[in-house]
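Fold and geometry: a report
These are the residues of each chain, in order.
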Amino acid sequence: MSSVRLRLDGSPVELEAASSTSLLRALRDAGHTKAQGACEQGECGSCLVRIDGVVQNSCLVPATICEDANVETVASLLNQDLADAFARHGAVQCGFCTPGFVVAAEAALASAESLTYDTVRERLAGNICRCTGYHGIIEAVLEVSQRRREANQ
Amino acid sequence: MTTHSPSSTRFGTVIRPDVPPKIAGEFEYSNDVRIPGMLFGATKRSPHAHARLVAIDTSKALAMSGVHRVFTHEDVPEGRLLGHITHDQPVFVLDVARHEGEPVAFVVADSQERAWQALEAIDVSWQPLEPVTTIEDALTKDPIHPQGTLIRELLIERGDDAVGEVVVTGTWETGRQDQLFLAPESAVAYPSADGGVTLILATQDLHTDQQQLCAVLNLPPEKVHLINSGIGGAFGGREDITLQAHLAIAALALGKPVKTTYRRSESFLAHPKRHPAFMRYRLGAKSDGTFVSLEVSIDLDGGPYASTSGPVLGSACYFSAGPYRIPRVRVHGRAVRTNNPVSGAMRGFGAVQACFGIESTIDLLASKLGIDPVEIRRRNVLVEGDPFPTSGQRFEDQTDLRELIDRCMALELPSSPATLDLDLPGGTGRTLMGSAVSRGEGFALGVKNHLYGEGVPETSWAKLTREGNTIIVESSASECGQGIQGVLDRIVRTEFPECEVRFAVPSTWMQYSGSSSASRQSWMSGSAVLGAAQKLKSQTSSGDEPESAEFEYRAPATYRGDPTNGTGDIHVSYMFVAHRARVEVDTELGLIRVAAISTAQDVGRVINATEIRGQILGGIAQGVGFAINEHLDTPSGLAANNSLTDYLVPTAADMPLVVIDVLEQPDPRNPLGIKGVGEPSAVSSTAAIANAIRQATGKPITRVPVRPSDIALAN
């Protein structure tokens, strides 16, 4: 086991990890539960976090390479407009996938491209939701995209 | 995109109380629970589908640092069995493992990692036995379980000897679908001061779990308590005991909190799945398309333990004739033990398989007679006063099924030009000749009961306490994500518009509200909360003192079918839905894309429009998965694709365009006119897609999920 120091949502944290321990597991073992795990093989996106600006499945990233990294979860990436849109559009049922979807959605919204129904689907295709059938999530992201564009004009 | 047109509601659309914390990542699921000083468990499982247990050597595991104890069948007195209807499942393999993944030992260590490592150090000697993996083998070979091969057999017979001038026959088969709730099984158990045990877990039915644990632990209910944590989806997959008994036994023996969380690969093996069904249909009609007779046989692969196979078979048989007027009906159903994974409850509960059977057979008849498939259904649907085709129960105060069909067909199926690779059959990265894409449309009508039925007594309890301007709701109904707390919240707020509403954490310290299954909680617990609210309102307020009112709602009675012919008043009431699907198929490669679905569903009364739409869309997503992808393949009884890499569920890119219309025909049998909305969307979406694929390809399409070979290689 070795000790890994990184910044999690702006605060310094120290994690214990073996060489085989994923960032997801090291975070959760230390009681940081904002990222969830549902497959532990990079298929479901429920563990998505941003590591030094890059969105990654934290179940596939060894914790030991995250020394000094800046790790961001839903706690620092969620904006209120997206939270409101998720709630109003029925984007959440059991909610287990939601923090991962928030990370994927904020990344899509932050990108330069202008989002359409099809591109949102494509950008969210790495996340699995078993409850909602996705339409509420897609609509929420599209609405926020539209409003942020208008606000920036 | 979707449209939604609830006609009217006095409840308005509001945001559920659990949703904001879920979005912020602050909602506590059972795998987030931590108790100081807790230990971690891991489950040693049978690698064989069928094998005699020769010996277990735990010495190497126990010698590892950080390992506290290994539990096996020796820690459970003989004869104490699990099962919420039939007690037939050992806590740990006793003498014979009957399916892959059956628990044989539970090791407890200082960390989850250590516990997993210790699994490798437990040596189990097995003598492999020939697995029984087909219905045919199960019925001809020696039983694999001391309670015999047949879990249930049901015969339903109604009407005269007429057959009809035109007869079609079909043989239909369905796959083994996993609920795939996103949060794998996880729970913590801790010993309590009175010698009992408490579990923080994620279950659909607190009190049924409690009953089973009491039987296994030989403790009275007042010493075994369960608290529901946040539940990350369920869909029927959290109705049975998986880790609960292991954790309770370990916590009691070690005097410490013990937690375990399953990995996805073992979650697939641990909870019961949707029953594979093998169905033979023979439908007779007059030449004008009027149905005359139906003969059905349904065999369900139950796996080795009963779970809910009995009622699932009941549901499959009673809905095997759909919602149609058929004067002569004969149904023979069997639920059979095999060495495949255990089958049990999943959204739609037998009605999904039966719907694929009857709706496919009706399309064969329509094709043979040259009648439009929607029109032939319209002519034959039940109308007020008809006997239900299987049970004979009178069809009254139910949905106007012709209106339901017409409302579904009035929706324009959206079309989208394929602008993305995603929108081609097979999706990104598949080769495709545009010229080989063939389109087709299909229609299906779905029916299922809400509430348990078949004579199972059914109640739900609720208590409301008013403290100043706050109402605290106590209900042990499980919030799995489906939105029951949102529904109860709405009902209480409507009675007390000036009050804030809060929910006590559901636990077994509360009285029984029953399972969050069978699309029953809005009706049952909604009625219980309404009763408590009205009682509280009628009490004269004494001022500052908190005031409470309790209410137990009792559902209208149902009955077991007549033992000779299966008929009777089996169900309280029904839910109805129509689906129309458009598919695009690459006929050379056998790849399918579900492009669009329109659906009309009778929801009784809209309490929360957003959540109803969510149930409809979510059920369609699972129906799409079941139609073209989702099957846990088990050659020789061993799972071949128990991971999310190999078991494919629809993503946002796979989800079709959907248009929705809802009918509101209130059910007069409950005070709010509520109908269940959870299951119907999953009942007939699969059948509509299969009918569309058949129409697009001209291939027989006799099984779901449809595989590429069923199209590209079929005659």
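Above this text you will find the structure in question.
Being a predicted model, the structure only gives us computed values, none of them experimental.

1. As for the side chain of arginine 45 of chain B
Residue and element names in this part refer to chain B. Counting through the fold element by element, arginine 45 comes out in strand S1 (residues 39-45). We classify arginine 45 as buried; its relative accessible area is 14%. A polar side-chain atom of arginine 45 sits 2.9 Å from the main-chain carbonyl oxygen of glycine 101. Only 2.8 Å separates the side chain of arginine 45 from the side chain of glutamate 266, close enough to count as a polar contact. Residue contacts for arginine 45: discarding those within four places in its chain leaves Gly101, Glu102, Pro103, Val104, Tyr262, Glu266 and Ala270.

2. A short note on helix H3 (residues 80-88) of chain A
Of the positions making up H3 of chain A, those classed as buried are Leu82, Ala83, Ala85, Phe86 and Ala87 of chain A. On its buried face, H3 of chain A sits against helix H4 (98-110) and helix H6 (135-152) of chain A together with helix H1 (19-23) of chain B.

3. A look at the nonpolar core
Within the largest apolar cluster, 152 residues are counted, with the highest numbers of intra-cluster contacts made by Phe86, Leu124 and Val141 of chain A together with Val583, Ile689 and Ile693 of chain B. For this core, the element with the most residues is helix H14 (residues 609-628) of chain B, which contributes 10 residues. Look past the residues within four positions of valine 583 of chain B in its chain and what remains in contact with it is Ser438, Arg439, Gly440, Ile592, Arg593, Val594, Ala595, Ile689, Ala692, Ile693 and Ala696 of chain B. Formed by 32 residues, the second largest nonpolar core is a distinct cluster that contains Ala189, Leu201, Ala245 and Ile249 of chain B.

4. Looking at the packing of helix H12 (residues 484-495) of chain B against helix H13 (residues 521-538) of chain B
All names here are of chain B. Contact pair H12 / H13: the axes reach a minimum separation of 9 Å and the direction vectors enclose 25°. Classified by the angle between their axes, H12 and H13 sit roughly parallel to one another. Relative to H13, H12 is oriented so that their crossing is right-handed. Facing H12, whose interface residues are Ile484, Val487, Leu488, Ile491, Val492 and Glu495, H13 presents Gln521, Ser522, Ser525, Gly526, Val529, Leu530, Ala533, Gln534 and Lys537. In terms of residue class, the contact of H12 with H13 is made up of eight nonpolar, five polar and two charged.

5. Here's the deal with the sheet that holds strand S13 (residues 224-228) of chain B
Residue and element names in this part refer to chain B. Across the sheet, seven strands lie side by side as S3-S7-S1-S14-S11-S12-S13; this open sheet has mixed pairing. Every interior strand has two partners, whereas the edge strands, strand S3 (67-71) and S13, have only one. Strand-to-strand twist in this sheet, taken as the mean axis angle between neighbours without regard to direction, amounts to 25°. Where strand S11 (residues 186-191) lies against strand S14 (residues 258-261), four bridges are found, and the strand directions are antiparallel. Paired with valine 188 across the strands is lysine 259, a residue of S14.

6. Digging into unusual backbone geometry
Residue and element names in this part refer to chain B. For the peptide bond that leads from valine 704 to proline 705, omega is -5°, which places it in the cis range. Relative to the helices and strands, proline 705 resides in the loop between strand S26 (703-704) and helix H17 (708-712). For serine 519, which is not glycine, the phi torsion reads 45° and is therefore positive. For serine 519, a relative accessible area of 12% gives the class buried. Although it is not a glycine, isoleucine 701 sits at a positive phi angle of roughly 50°. Tracing the backbone through its elements, the reader meets isoleucine 701 in the loop between helix H16 (685-697) and S26.

7. Side note on the pattern of salt bridges
All names here are of chain B. All chains considered together, the criterion is met by 48 salt bridges over all chains. The salt bridge involving aspartate 137 is made with lysine 141; its shortest N-O contact spans 3.7 Å. Note on lysine 141: relative accessible area 40%, which makes it partly exposed. Two residues, arginine 580 and glutamate 441, come together in a salt bridge whose shortest N-O distance is 3.2 Å. Residue arginine 580 is found in strand S23 (residues 573-586), and its partner glutamate 441 is found in strand S18 (residues 437-450); the two are separated by 139 residues along the sequence. A relative accessible area of 14% places arginine 580 in the buried class. The network of salt bridges with shared partners includes Arg16, Asp18, Lys22, Glu479 and Glu611.

8. Here we look at the pairing of strand S16 (residues 291-301) of chain B
Residue and element names in this part refer to chain B. Of all 11 residues in S16, 10 are buried, a share of seventy percent or more. Looking at chain direction, strand S15 (residues 277-285) and S16 are connected through nine bridges and run antiparallel. Among the inter-strand pairings, leucine 283 is bridged to a residue of S16, identified as leucine 294. A loop of five residues connects S15 with S16, the two strands running antiparallel in sequence, and glycine 289 in this loop sits at a positive phi of about 95°. Across nine bridges, the pairing between S16 and strand S17 (residues 328-336) is parallel. Bridging across to S17, serine 297 finds its partner in histidine 332. Tracing the backbone out of S16, into helix H8 (residues 309-318) and back to the parallel element S17 gives a crossover that is right-handed.

9. Brief notes about the interface of chain B and chain A
In this complex, chain B contributes 59 residues to the contact, which on the side of chain A involves 48 residues. Taken together, both faces of the contact between chain B and chain A bury some 4200 Å²; the carbon and sulfur share is 57%. Our enumeration of links across chain B and chain A arrives at three salt bridges. We note a salt bridge from arginine 130 of chain A to glutamate 630 of chain B, for which the minimum N-O separation is 2.6 Å. Across the chain B-chain A interface, the total number found is 27 residue pairs in polar contact (both at pLDDT 80 or more). Looking at which element gives the most residues to the side of chain B that touches chain A, the answer is H14 of chain B, with nine residues. Grouping the constituent residues of the side of chain B that touches chain A by class yields 28 nonpolar, 17 polar and 14 charged.

10. With respect to the side chain of glutamine 36 of chain A
Among the structural elements, glutamine 36 of chain A can be located in the loop between helix H1 (23-29) and strand S3 (48-51). Look at glutamine 36 of chain A and you get buried, because its relative accessible area is 2%. In this structure the side chain of glutamine 36 of chain A is engaged in a polar contact, spanning 3.1 Å, whose partner is the side chain of arginine 28 of chain A. Of note is the side chain of glutamine 36 of chain A, whose polar atom sits 3.0 Å from the side chain of asparagine 31 of chain B. Once you skip the residues sitting within four places of it in the chain, glutamine 36 of chain A turns out to touch Leu24, Arg28, Ser46, Cys47 and Phe96 of chain A together with Tyr29, Asn31 and Asp32 of chain B.

11. Some details on the packing of aromatic side chains
Inspection of the entire model under this criterion finds 12 aromatic pairs over all chains. Here the aromatic rings of phenylalanine 101 of chain A and tyrosine 134 of chain A are separated by 6.2 Å at their centres, their planes lie at 55°, and the arrangement is tilted. Of this pair, phenylalanine 101 of chain A sits in helix H4 while tyrosine 134 of chain A is found in the loop between helix H5 (117-123) and H6, placing the two residues 33 residues apart along the sequence. Across the pair, tyrosine 134 of chain A and phenylalanine 101 of chain A agree in class, each one buried. Ring centres of tyrosine 574 of chain B and phenylalanine 576 of chain B lie 6.0 Å apart, and the angle between their planes is 55°; this geometry places the pair in the tilted category. For the residue pair tyrosine 574 of chain B and phenylalanine 576 of chain B, the accessibility class agrees, reading buried in each case. Taken together, the ring pairs in this structure connect Phe319, Phe388, Phe395, Tyr574 and Phe576 of chain B into an aromatic cluster. The ring of tyrosine 262 of chain B carries the charged tip of arginine 45 of chain B above its face, separated from the ring centre by 4.7 Å. The cationic tip of arginine 238 of chain B hangs over the ring face of phenylalanine 181 of chain B; the distance from NZ or CZ to the ring centre is 3.9 Å.

Rules used in this analysis
- Residues numbered from 1 in each chain as written.
- Chains lettered and ligands numbered in written order.
- Predicted model: local features only at pLDDT ≥ 70, side-chain atom pairs only at ≥ 80, totals over all residues.
- Heavy atoms only, no water.
- Helix = DSSP H or I, 4+ residues; strand = E, 2+ residues; numbered from the N terminus.
- Buried < 20%, exposed > 50% of the residue type's maximum accessible area, 1.4 Å probe, protein only.
- Polar contact = N/O pair within 3.5 Å; in protein donor to acceptor, adjacent residues only side chain to side chain.
- Contact = heavy atoms within 4.5 Å.
- Core = buried A, V, L, I, M, F, W, Y, C linked by side-chain atoms within 4.5 Å.
- Axes fitted to C-alpha atoms, helices over the stretch in contact; angles between N-to-C directions.
- Parallel < 35°, antiparallel > 145°, perpendicular 65-115°, else oblique.
- Left-handed = near helix turned anticlockwise from the far one by under 90°.
- Nonpolar A, V, L, I, M, F, W, Y, C, P; charged D, E, K, R; others polar.
- Pairing = 2+ DSSP bridges.
- Salt bridge = Lys/Arg side-chain N within 4 Å of Asp/Glu carboxyl O.
- Right-handed = clockwise from strand over helix to strand, strands pointing away.
- Buried area = accessible area lost by both parts, 1.4 Å probe.
- Phe/Tyr/Trp six-rings, centres within 6.5 Å; stacked < 30°, edge-to-face > 60°.
- Lys NZ or Arg CZ within 6 Å of the ring centre and 35° of its normal.

Note that all results are geometric; they support no functional claim without further evidence.
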